[in-house]
Each structure stands twice: as C-alpha cells, then as structure tokens.
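Survey of secondary and tertiary structure
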Amino acid sequence: MKLILLGAPGAGKGTQGKIICQRLGIPVIGTGNIIREAVANGTPAGREAKSYMEKGHLVPDEVVIAMVRERLAKEDCKNGFLLDGFPRTIAQAEALEEMVHIDKVIDLEVDDQVIKERLAGRRVCEKCGDSYHITNNPPKVEGVCDSCGGRLIIRKDDDPATIESRLAVYHRETKPLTGYYQAKGILEVIRGTNDLEGTTRQILAAVEA
Ligand code: AMP
C-alpha cells in the first residue's frame, strides 16, 4: 500500500498516520519530521530549510523532493509507505509520480477555525515527534510523551501569526492537490473532525476498499 495523507497543518495527519502505519505494518514518512531532524543536525539541507520553516513557508521543492527520493529508496519502503506532509505542491506531486505509483490519497478535511484551535493546543514530543492536544488528546502524564517519555513542547511554528501564514500557504499551494488526485480517481475525502478512533476506522475502511 502506497498512501498519501493530505490535509491542512493540524488536520491530524501525524496522529492518524502513526496509527494507520502500525496497523498496516508500513513506515510513515513525515517530511516535517525529516526536515526538523535535518535542521537539528545542521545538515546542509537543514540549514537551507530552517528559515522557511520558521516563517511557516514551504521549503523549496527541490530540497524536499531530494529528501523524499532518498527516503523512498530505503528497503523498508519496498512493500508500501504512508506519506505525511508530502506532496504539498503540484510540482512535488509530479516529481513523486516519476518515483512511484501511489495507490490511494486520503484527504483529511478540517475547517480553518478548528485547525486554529487544534494548533494552539498542540504539544509535540521533542524526542520522537508524537503529537498531543492539551484537551482533545492529552498525554497520560502532563508534559510527558506516552510513547517515549520525552518532554512535550510547543512547536515554534504553532504561534498564532505563523499558523495564519501556514494556513494561507496550505490553501494556495496544497489544497489544489485534491483536484489533482481526484482527476486520477484515487482521492478519498474524510471529515477529520470526528473523534480520533472514528476517523481511524474511516481511513482504514477507505484504504482497504
Ligand atoms: P509539518 O510538520 O508537516 O507541519 O511541516 C512543518 C514545516 O516543514 C512546514 O511548515 C514546511 O515549512 C516544512 N515542510 C514539511 N513538508 C514540506 C513539503 N512537502 N514541502 C515544503 N515544505 C515542507
């Protein structure tokens, strides 16, 4: 199964992606996580990506495409994978099409107002990147990651001004991808505002159909 999870920042791609991939036994490839790691490690690509990311802009296509190409070439992607946060532009989608055949694209649809509330209450693990929400999906122990015990922090790009910028970028650059994949007949749109388990069930049903 070669899958793409589309949706605005905060739609639930990271949270759902992790659960779906555990169920299906495939790796999740989150470009946001790959870029944050590159920034933290100060690699050449990370140094180039840093300022874009902090402003809530997209990192240039060629930088992200190269990262994805390298990741998809690894052995664990042979039997499938789920892309979270890629593609985000039509140019990225076209580059991806040259690399692999995608089976299904799931679009998690969530209104902007809900997105803003979600991102404002989001906490992420600084160690493993797992995502929580202070009221909708709290960790068992406040400030501590259930999965790895790491410290939960507020992402720099989750401040209100950067959230506005990321949403604008989403509508301008990424939303057109739904039409792109609809035309290919592989798009499934799922309301991302149901409860967490209900949304997981809907995604799995769409993938298995
Ligand atoms: P995310 O964790 O998916 O919200 O991504 C965080 C940030 O990483 C985004 O706001 C972008 O700056 C950058 N980023 C992640 N994925 C991509 C992508 N496919 N294309 C360009 N920039 C990306």
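Here is a short report on the structure shown in this document. (Residues numbered from 1 in each chain as written. Predicted model: local features only at pLDDT ≥ 70, side-chain atom pairs only at ≥ 80, totals over all residues. Heavy atoms only, no water.)

1. Some points on the state of the cysteines
Across all of its chains, the model carries 0 disulfides by this definition. Of the cysteine sulfurs around Cys21, a residue in no disulfide, the closest is that of Cys77, at 10 Å. For Cys21, a relative accessible area of 5% puts it in the buried group. (Disulfide = S-S within 2.5 Å. Buried < 20%, exposed > 50% of the residue type's maximum accessible area, 1.4 Å probe, protein only.)

2. Side note on the pairing of strand S1 (residues 2-7)
Of all the 6 residues making up S1, 5 are buried; the element is thus mostly covered by neighbouring parts of the structure. With 4 bridges connecting them, S1 and strand S3 (residues 81-84) associate as parallel partners. Residue pairing for S3: Leu5 is matched across the bridge by Asp84. Of the pairings in the sheet, the one linking S1 to strand S4 (residues 104-109) comprises 5 bridges and is parallel in character. Pairing of Gly7 across the sheet is with Leu108, part of S4. (Helix = DSSP H or I, 4+ residues; strand = E, 2+ residues; numbered from the N terminus. Pairing = 2+ DSSP bridges.)

3. Regarding the environment of Gly179
Considering the arrangement of structural elements, one finds Gly179 in helix H8 (residues 176-183). Here the alpha-carbon distance between Gly179 and Ala45, two residues 134 residues apart in the chain, equals 30 Å.

4. Considerations on unusual backbone geometry
The step from Phe86 to Pro87 runs through a cis peptide bond, and the omega angle for that step is -5 degrees. Mapped onto the elements, Pro87 comes out in the loop between S3 and helix H5 (90-99).

5. Quick notes on the sheet that holds strand S2 (residues 28-30)
Across the sheet, which stays open at both edges, the 5 strands sit in the order S2-S3-S1-S4-S8 with parallel pairing between neighbours. On the outer flanks of this sheet lie S2 and strand S8 (187-191), each paired with one strand and no other. Within this sheet the neighbouring strands show an average axis-to-axis angle of 20 degrees, counted without direction. (Axes fitted to C-alpha atoms, helices over the stretch in contact; angles between N-to-C directions.)

6. Let's talk about the nonpolar core
One finds Leu96 and Tyr181 to be the most contacted residues of the largest nonpolar core, which totals 29 residues. Residue assignment for this core shows that the elements contributing at least two residues are S1, helix H2 (31-41), helix H3 (44-55), helix H4 (61-72), S3, H5 and H8. It is H4 that provides the largest number of residues to this core, a total of 6 residues. With residues up to four places along the chain from it excluded, the contact list for Tyr181 reads Ile4, Leu6, Pro87, Ala93, Leu96, Val105, Ile186 and Leu187. Counting residues in hydrophobic clusters, the runner-up holds 21 residues, among them Leu3, Leu5, Ile20 and Ile203. (Core = buried A, V, L, I, M, F, W, Y, C linked by side-chain atoms within 4.5 Å. Contact = heavy atoms within 4.5 Å.)

7. What to know about the packing of H2 against H3
For any two helices packed against each other, one specifies the crossing angle of their axes together with the interaxial distance. Packing of H2 against H3 leaves a shortest axis separation of 8 Å and a crossing angle of 115 degrees. As for how H2 packs across H3, the hand of that crossing is left-handed. Judged by residue contacts, Gly32, Ile35, Arg36, Ala38 and Val39 of H2 engage Gly46, Ala49, Lys50 and Met53 from H3. (Left-handed = near helix turned anticlockwise from the far one by under 90°.)

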